[in-house]
Amino acid sequence: MGRGNHNQVLEEKAASRSQSEVNKRLKYISLAVLVVQNASLILSIRYVRTLPGDRFFTTSAVVMAEVLKVLTCLLIILLQRKFNVKETVLFLVDSIVFQYKDTLKMSVPSLIYTLQNNLQYVAISNLPAASFQVTYQLKILTTALFSVLMLRKSLSRVQWVSLLLLFAGVAIVQVQQEGNKEASDSSNQNYMVGLVAVVISCLSSGFAGVYFEKILKGSSASVWVRNVQLGIFGTALGMLGLWWNDGAAVAEHGFLFGYTNMVWCVIFNQAFGGLLVAVVVKYADNILKGFATSFSIIVSTVLSIYLFSFHVDLLFTVGAGLVIGAVYMYSLPKAAGSSSSSLISSSSSSASSVLPRTDGGAELEAFLPKCAGKQKGS
């Protein structure tokens, strides 16, 4: 009997070690993929927006990404209900139509997210990819400030210092860019338009992310349903923006005018990047996610040198170094006794995330083990 118990203990220890090794591999694999996704999204948008020839309508790309996200969330909901179509339809009608007041709450973040997605295309079209990647980290600052104001969250001293370093680093990069505007590789680019677009995008990202988090915490609704609601409003508002900005041109040339294989890659990257963030939330920790963001800035800078002849000087190096250090510092765990809540810092645009960061979401636990791996994450 004792020998049997001993063998069972040994088997449990071996299984635990095996599971730990699998989780560690998944952690670093998901992290590596996140670095690639972060860097590739910015670089690919920059690439397709600076190519000669017919340019696609960015407003149509925003709409297409929203449609793909809605379809993805619907598929996930259907999967959770074991492909019972009738049950899924009744559930969605009840959650979206009958509880219309709850659905209408999503119109505010959806409007901001749609604006943000369009602004990102404007910003990347007018700023070097590396400069955009560095400046866009201001979303950490805006998210932190809105979280303190709206959610009464507390920040550690290290986090406050990191936010100051972040602001200083971005300011230095902008000073460097001011001095090198004449070296722009395209006369069609407007540096000031790009800078204003990225700043407004960061502000909208911070507010919308915190607003969405507040809604999620104050409701028992499925996070996937929330994203369907977001996507419905996002698609409608995106279509309105398309009609307002490019209506005549789309009527003449068609919705998919200028779409190439690379453009489709950008749209899929933007649409499904948020699902990747969900996997990282599942298997990685906050420090490693901060490291991934920092490393993606380095990757974007290095590739920009080779792809777009981007010039790196001492000012840019110092500024980018401060931003990278600030992002890593911000992700460090708080000291014991301080608030353990952490702030959202999406890898790509908030609206482009299929699953925003939530604290202990049951749907995340229910879905990810099936799709991201069979082992339970650490």
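Predicted, not measured: the structure shown is a model, and the values here were computed from it.

## Here we look at the packing of aromatic side chains
Here comes step 1: Enumeration according to the criterion identifies 12 aromatic pairs in this entry.
Here comes step 2: Note on Phe56 and Tyr121: the rings are 6.1 Å apart at their centroids and 80 degrees apart in plane angle, and the pair reads as edge-to-face. Of the two residues, Phe56 sits in the loop between helix 1 (2-50) and helix 2 (58-80) while Tyr121 sits in helix 5 (residues 107-126), which places them 65 residues apart along the sequence. Residues Phe56 and Tyr121 agree in their burial class; the two are buried.
Here comes step 3: One aromatic cluster is present, formed by Phe56, Tyr121, Tyr259, Trp264, Phe268 and Phe272 through successive ring pairs.
Here comes step 4: One Lys or Arg, Arg49, reaches over the ring of Phe56 and ends 5.2 Å from the middle of that ring.
Here comes step 5: In this arrangement the basic side chain of Arg81 is found over the ring face of Phe91, its NZ or CZ atom lying 3.8 Å from the centre.

## Focus: helix 2
Since the α-helix advances by 3.6 residues per turn, residues separated by three or four positions end up pointing in the same direction.
Here comes step 1: Compared with an ideal rise of 1.5 Å per residue, which puts 23 residues at 33 Å, helix 2 spans 33 Å between its outermost C-alpha atoms and is within 8% of the ideal.
Here comes step 2: Of all 23 residues making up helix 2, 17 are buried, and the element is well covered by its neighbours.
Here comes step 3: Two residues or fewer after helix 2 comes Lys82, characterised by a positive phi angle close to 55 degrees.

## Comments concerning the pattern of salt bridges
Two side chains with opposite charge may pair up if their charged atoms get near one another.
Here comes step 1: Per the stated rule, a full pass over the model turns up four salt bridges.
Here comes step 2: Note that Lys69 is salt-bridged to Glu66, the shortest N-O span being 2.9 Å. One end of the pair, Lys69, and the other, Glu66, are both in helix 2, three residues apart, so they sit about a helical turn from each other. Pair check on accessibility: Lys69 and Glu66 agree, each one buried.
Here comes step 3: Residues Arg226 and Asp102 are paired through a salt bridge, measuring 3.2 Å at the closest nitrogen-oxygen approach. Residue Arg226 is found in helix 10 (residues 223-253), and its partner Asp102 is found in helix 4 (residues 100-104); the two are separated by 124 residues along the sequence.

## Notes on helix 9 (residues 191-217)
Here comes step 1: Helix length check: helix 9, at 27 residues, gives a terminal C-alpha distance of 39 Å against a target of 39 Å (1.5 Å per residue), a fit within 8%.
Here comes step 2: Put simply, Asn190 is the residue that caps the front of helix 9, since its side-chain oxygen is 3.2 Å from the backbone nitrogen of Met192.

## Description of the confidence of the model for the protein chain
When pLDDT drops low, the exact placement of atoms in the prediction is not to be read closely.
Here comes step 1: Looking at the protein chain as a whole, the pLDDT averages 78, with 75% of positions reaching at least 70.
Here comes step 2: Mean pLDDT per element in the protein chain: helix 14 (residues 362-371) is the minimum at 39, and helix 2 is the maximum at 92.

## Here's the deal with unusual backbone geometry
Here comes step 1: Unlike most non-glycine residues, Lys82 shows phi in positive territory, near 55 degrees.
Here comes step 2: Its location among the elements puts Lys82 in the loop between helix 2 and helix 3 (85-98).
Here comes step 3: At Phe83, a position not held by glycine, the phi torsion is positive, near 60 degrees.
Here comes step 4: Inspection of the secondary structure puts Phe83 in the loop between helix 2 and helix 3.

## Description of the packing of helix 2 against helix 10
Here comes step 1: The N-to-C vectors of helix 2 and helix 10 enclose an angle of 160 degrees; their axes lie 8 Å apart at closest approach. Taken together, the axis directions place helix 2 and helix 10 in an arrangement best described as roughly antiparallel. Both helix 2 and helix 10 take part in a crossing whose hand is left-handed.
Here comes step 2: Grouping the constituent residues of the contact of helix 2 with helix 10 by class yields 14 nonpolar, 10 polar and two charged.

## A word on the nonpolar core
Here comes step 1: Counting 49 residues, the largest nonpolar core has Phe132, Leu163, Leu166, Val198 and Ile267 as its most contacted members.
Here comes step 2: Top element by residues in this core is helix 13 (residues 314-330). It accounts for six residues.

## Examining a nonpolar patch on the surface
Here comes step 1: Among the surface-exposed residues, Val158, Phe291, Phe295, Ile298, Val302, Leu303, Ile305, Tyr306, Leu307, Tyr328 and Leu332 lie close enough to one another that they form a single nonpolar patch of about 990 Å² accessible area.
Here comes step 2: A total of eight residues in the nonpolar patch trace back to one element, the largest contributor, which is helix 12 (residues 286-308).
Here comes step 3: In this structure, Leu332 sits in the loop between helix 13 and helix 14.
Here comes step 4: Residue classification places Leu332 among the partly exposed residues on the basis of a relative accessible area of 30%.

Calculation notes
- Residues numbered from 1 in each chain as written.
- Predicted model: local features only at pLDDT ≥ 70, side-chain atom pairs only at ≥ 80, totals over all residues.
- Heavy atoms only, no water.
- Phe/Tyr/Trp six-rings, centres within 6.5 Å; stacked < 30°, edge-to-face > 60°.
- Helix = DSSP H or I, 4+ residues; strand = E, 2+ residues; numbered from the N terminus.
- Buried < 20%, exposed > 50% of the residue type's maximum accessible area, 1.4 Å probe, protein only.
- Lys NZ or Arg CZ within 6 Å of the ring centre and 35° of its normal.
- Expected span 1.5 Å × (residues − 1).
- Salt bridge = Lys/Arg side-chain N within 4 Å of Asp/Glu carboxyl O.
- Polar contact = N/O pair within 3.5 Å; in protein donor to acceptor, adjacent residues only side chain to side chain.
- pLDDT = per-residue confidence, 0-100.
- Axes fitted to C-alpha atoms, helices over the stretch in contact; angles between N-to-C directions.
- Parallel < 35°, antiparallel > 145°, perpendicular 65-115°, else oblique.
- Left-handed = near helix turned anticlockwise from the far one by under 90°.
- Nonpolar A, V, L, I, M, F, W, Y, C, P; charged D, E, K, R; others polar.
- Core = buried A, V, L, I, M, F, W, Y, C linked by side-chain atoms within 4.5 Å.
- Patch = residues over 30% accessible without salt bridge, like charges linked within 9 Å, V, L, I, M, F, W, Y side chains within 5 Å.
- Areas by Shrake-Rupley, 256 points an atom, 1.4 Å probe, with all protein chains shown as cover.

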